Amino acid sequence: MIYTITLNPALDHYLEVDDLRVDDANRVKSECLYAGGKGIDVSRAIRHLGGDSMALGFIGGHDGQVMVALLKAEGVNCYFTPIARETRRDIIICNRACGTQTMLNTRGPSVTREEWEAFLAHLRVLGLRDAYVVIAGSLPLGVPPDAYRQIVGLVQRQGAKAILDADGPCLKAGLKAKPFAIKPNLNELRRVTGRPLRTDADILEAAMALQRAGVEIVMVSRGRQGLLLVSRSDCYRAIPPSVKVRSTVGAGDSTVAGFVFRHAGGKSLEDCVRFATASGTAATLAPGNQLCRLRDVQRLAPRVRITRLSD
Ligand SMILES: Nc1ncnc2c1ncn2[C@@H]1O[C@H](COP(=O)(O)OP(=O)(O)OP(=O)(O)O)[C@@H](O)[C@H]1O
Ligand SMILES: [Mg+2]
């Protein structure tokens, strides 16, 4: 079973305009609502790939209910811990004239100590032996700064594999509990190591250092340069085919989805890295904040070039 955790989800309101005029009235040409947040994106992408997962996290108020309804309509299972405050709503304005996306992200609700404890209590009774738990995104106000250390520790003590996709202090805190896997992008890797990482060798060395420090699988995503995967015994570099990129939003989440879906399916690491890279690149073919589509992943996967760096 695959679980995803999104502590700070959002209802994304996506609006398209012909040519955005600031300080003026704009006619909206199309709009839609999505359930958003990084863990939720991973759950949705897994669904696109033909798999199942269970989305966990906090929701509150009317927008929280709308989010659940949207997820259910997409066939995504979820069990959120209720909170008193309203789930945040993010606005994404897509300007058709120049293809830009302007995002207005709110801070989101704060979570009380009791709500945080209720979430942890729910995690404790799930029976996570042999499960995969993807933990992704930022922390809401009110949860302790070491939330990801607590969650990684709690789920792994139950026999699950934690996959952490976070940035800055959240990633640093989570690393203390030695998650099974992490997927930083290059900037996240720079921030977590505090080093500029200018060359391929620097990046590889930084990933290997994190692996030696206790993370079984370190995946570094590098935009169009693909994915580097380091484990104790293997090291792969995956380069995607060059494609016409429409939007890179959600590429990293699709990468994580591709990896966990194949790993949970018992596939080899080489297959996982190929599929993860194809899933990330597939997400760039779709406009706006849309995630990977299965037919694109299947078409791209055989064209991903894999080099084995070890031995
Ligand atoms: N320009 C591109 N061309 C081809 N593939 C791309 C491109 N940008 C991203 N990808 C694919 O998506 C994967 C993840 O991209 P990236 O490194 O940008 O993740 P990220 O920064 O974590 O993204 P996110 O904003 O979703 O968190 C890459 O490993 C690659 O497979
Ligand atoms: Mg990312």
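Rules of the game
Residues numbered from 1 in each chain as written. Chains lettered and ligands numbered in written order. Predicted model: local features only at pLDDT ≥ 70, side-chain atom pairs only at ≥ 80, totals over all residues. Near = placed C-beta within 6 Å. Nonpolar A, V, L, I, M, F, W, Y, C, P; charged D, E, K, R; others polar. Core = buried A, V, L, I, M, F, W, Y, C linked by C-beta atoms within 7 Å. Buried ≥ 20, exposed ≤ 12 C-beta atoms within 10 Å, placed from the backbone. Helix = DSSP H or I, 4+ residues; strand = E, 2+ residues; numbered from the N terminus. Domains from an automatic or database assignment. Contact = placed C-beta atoms within 7 Å. Pairing = 2+ DSSP bridges.

**What about the site of ligand 1?**
And step 1. Around ligand 1, the surrounding shell holds 20 residues, and the nearest of these are Asn185, Ser221, Ala251, Gly252 and Gly280.
And step 2. Of the residues assigned to the shell around ligand 1, the class counts are five nonpolar, 12 polar and three charged.

**A word on the nonpolar core**
And step 1. Of all hydrophobic cores here, the largest spans 88 residues; its most connected members are Val133, Val134, Ile135, Tyr148, Met219, Leu229 and Val260.
And step 2. Per-element accounting of this core gives the leading share, seven residues, to helix H9 (residues 269–285).
And step 3. Two domains each put at least three residues into this core: domain 1 (1–19 + 29–179) and domain 2 (181–214 + 216–311).
And step 4. Not counting chain neighbours up to four residues away, the residues in contact with Val134 comprise Ile2, Thr4, Ile5, Gly39, Val42, Ile163, Val256 and Val260.

**Topic: the pairing of strand S12 (residues 227–230)**
And step 1. Across the two faces of S12 the burial is the same, with Leu227 and Leu229 and Leu228 and Val230 all buried.
And step 2. As paired strands, strand S11 (residues 217–221) and S12 are joined by four bridges and run antiparallel to one another. By the bridge assignment, Ser221 is partnered in S12 with Leu227.
And step 3. The antiparallel hairpin formed by S11 and S12 contains five residues in its connecting segment, where Gly223 sits at a positive phi of about 55°.
And step 4. Bridging between S12 and strand S13 (residues 235–239) involves four bridges; their strand directions are antiparallel. Bridging from a neighbouring strand, Leu228 pairs with Arg237 of S13.
And step 5. Counting the residues between successive antiparallel strands, the hairpin from S12 to S13 contains four residues.

**A look at the domain arrangement of the chain**
And step 1. Once the domains are mapped, the chain shows domain 1 (1–19 + 29–179) and domain 2 (181–214 + 216–311).
And step 2. Taking only C-alpha atoms, the centre of domain 1 and the centre of domain 2 are 21 Å apart.
And step 3. Each partner contributes to the interface: domain 1 provides 29 residues, whereas domain 2 provides 28 residues.
And step 4. Every element with two or more residues in the side of domain 1 that touches domain 2 is listed here: strand S2 (10–17), helix H1 (38–48), strand S6 (88–95), strand S8 (132–136), strand S9 (161–165) and helix H5 (168–175).
And step 5. Counting residues per element, the side of domain 1 that touches domain 2 draws most heavily on H1, at seven residues.
And step 6. Residue composition of the side of domain 1 that touches domain 2, grouped by class: 16 nonpolar, five polar and eight charged.

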